[in-house]
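Below, each chain spelled out in residue letters.
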Amino acid sequence: MLSDRKDPDVKRRLPKIIRHIGKTPCRRKAGESIVFILLYMSLYLSALAISVVMCAQNSDLYLKIQNKCGLFTGFGAEDRSEVLKMNEELTAYLSGNTAYIENASVRANMHMQDVRRIFNGAKGTGGLLIALSAFWMYMNRKAKAKDACIFSWTPLIMTCVFVLFLQRSDFSIHFQRFHETLFDNDLWRLDPNEDFMIRCLPEEFFYRMAMAALFYALMVYDGFAFISILLFNKIGRRDSK
């Protein structure tokens, strides 16, 4: 009889115990940490998408990188003007202002159609990730600003590790695997002897462009992270009143 009397009490207390376990500081802290990581990774990936588009549409950046690659060594004034013209055509095409690259071969133009589709996808992805970041921020709106500041360093550390990895490994292998993963054809295999466009864009150009994109991504991300921490701080002050 005694056990029968206690059973109803246990049954009533059980849901409360389960809810209490879900609200323990450890569980809450783990949940906040996961949301913070998702928030700042989303912000960083959106910054990376934006920076890639910015770099690909900047003809002045093309010229700076080409100079660092020593592309113009031995070039005459006429050859240099042709390279500058190609840079303008490429950036105009990737910006969606032209439908064809005049000084490129048919094969190169077919490849650039695939490239432009990827860049258009990157633009949409960047906007989507910013919206997703706003959602993660709303989900973690009661978190402390100091915790946000700690987790905002996660993408920065990952970028430094990735840059060191690129610098200490064979970029040619990663360059090839990147294209094989991203494209379902071999149009990206262009012959420098037959296509002027690829002569303007040697492999070292893409390595330096990748480093520039990562650098710009960090700058954009720093702005995003700073704004998010200010918002967390403002929300925290409002809730404390």
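The sections below set out a description of the structure shown in this document.

Rules behind the numbers
- Residues numbered from 1 in each chain as written.
- Predicted model: local features only at pLDDT ≥ 70, side-chain atom pairs only at ≥ 80, totals over all residues.
- Heavy atoms only, no water.
- Axes fitted to C-alpha atoms, helices over the stretch in contact; angles between N-to-C directions.
- Helix = DSSP H or I, 4+ residues; strand = E, 2+ residues; numbered from the N terminus.
- Parallel < 35°, antiparallel > 145°, perpendicular 65-115°, else oblique.
- Left-handed = near helix turned anticlockwise from the far one by under 90°.
- Contact = heavy atoms within 4.5 Å.
- Core = buried A, V, L, I, M, F, W, Y, C linked by side-chain atoms within 4.5 Å.
- Buried < 20%, exposed > 50% of the residue type's maximum accessible area, 1.4 Å probe, protein only.
- Phe/Tyr/Trp six-rings, centres within 6.5 Å; stacked < 30°, edge-to-face > 60°.
- Lys NZ or Arg CZ within 6 Å of the ring centre and 35° of its normal.

### Notes on the packing of helix H3 (residues 59-68) against helix H4 (residues 77-94)
For any two helices packed against each other, the geometry is given by the interaxial angle and the distance between the axes.
Right, on to step 1. At their nearest, the axes of H3 and H4 sit 9 Å apart, and the two run at 135° to each other. By the angle class used here, H3 and H4 are oblique. The two elements H3 and H4 cross, and the hand of that crossing is right-handed. Contacts between H3 and H4 pair Ser-59, Tyr-62, Leu-63, Gln-66 and Asn-67 from the former with Arg-80, Val-83, Leu-84, Asn-87, Glu-88, Leu-90, Thr-91 and Leu-94 from the latter.

### A look at the nonpolar core
Nonpolar side chains tend to gather and get buried jointly when the protein is soluble and globular.
Right, on to step 1. Core analysis: the biggest nonpolar cluster contains 32 residues, and Tyr-62, Leu-90, Leu-94, Ile-101, Met-112 and Met-197 have the highest contact counts within it.
Right, on to step 2. For this core, the secondary-structure elements that each account for two or more residues are helix H2 (25-56), H3, H4, helix H5 (106-139), helix H9 (196-200) and helix H10 (203-240).
Right, on to step 3. With residues near it in sequence (within four places) discarded, Tyr-62 still touches Cys-55, Ala-56, Asn-87, Leu-90, Thr-91, Leu-94, Leu-201, Phe-205 and Met-209.
Right, on to step 4. In this structure, Val-35, Leu-39, Tyr-40 and Phe-171 belong to the second largest nonpolar core, which totals 20 residues.

### Some thoughts on the packing of aromatic side chains
Right, on to step 1. The final tally for this structure, using the stated rule, is 7 aromatic pairs.
Right, on to step 2. Measuring from ring centre to ring centre gives 5.8 Å for Tyr-44 and Tyr-221, while their planes differ by 80°; the resulting arrangement is edge-to-face. Taken as a pair, Tyr-44 in helix H2 and Tyr-221 in helix H10 lie far apart in primary sequence, 177 residues in all.
Right, on to step 3. Taking relative accessible area as the criterion, Tyr-44 reaches 8% and is therefore assigned buried.
Right, on to step 4. The interplanar angle of 35° and the centroid separation of 5.8 Å between the aromatic rings of Phe-171 and Phe-175 together place this pair among those described as tilted. You can see Phe-171 and its partner Phe-175 sitting in helix H8 (residues 171-182), 4 residues apart, about one turn around the helix. Phe-175 shares its class with Phe-171; the two are buried.
Right, on to step 5. An aromatic cluster is present here, built from Tyr-62, Phe-171, Phe-175, Phe-205, Phe-206 and Tyr-207 joined pairwise through their rings.
Right, on to step 6. Its guanidinium or amino end placed over the ring of Phe-72, Arg-80 lies 4.4 Å from that ring's centre, counting from NZ or CZ.

On their own, these measurements won't tell you what the molecule is for.
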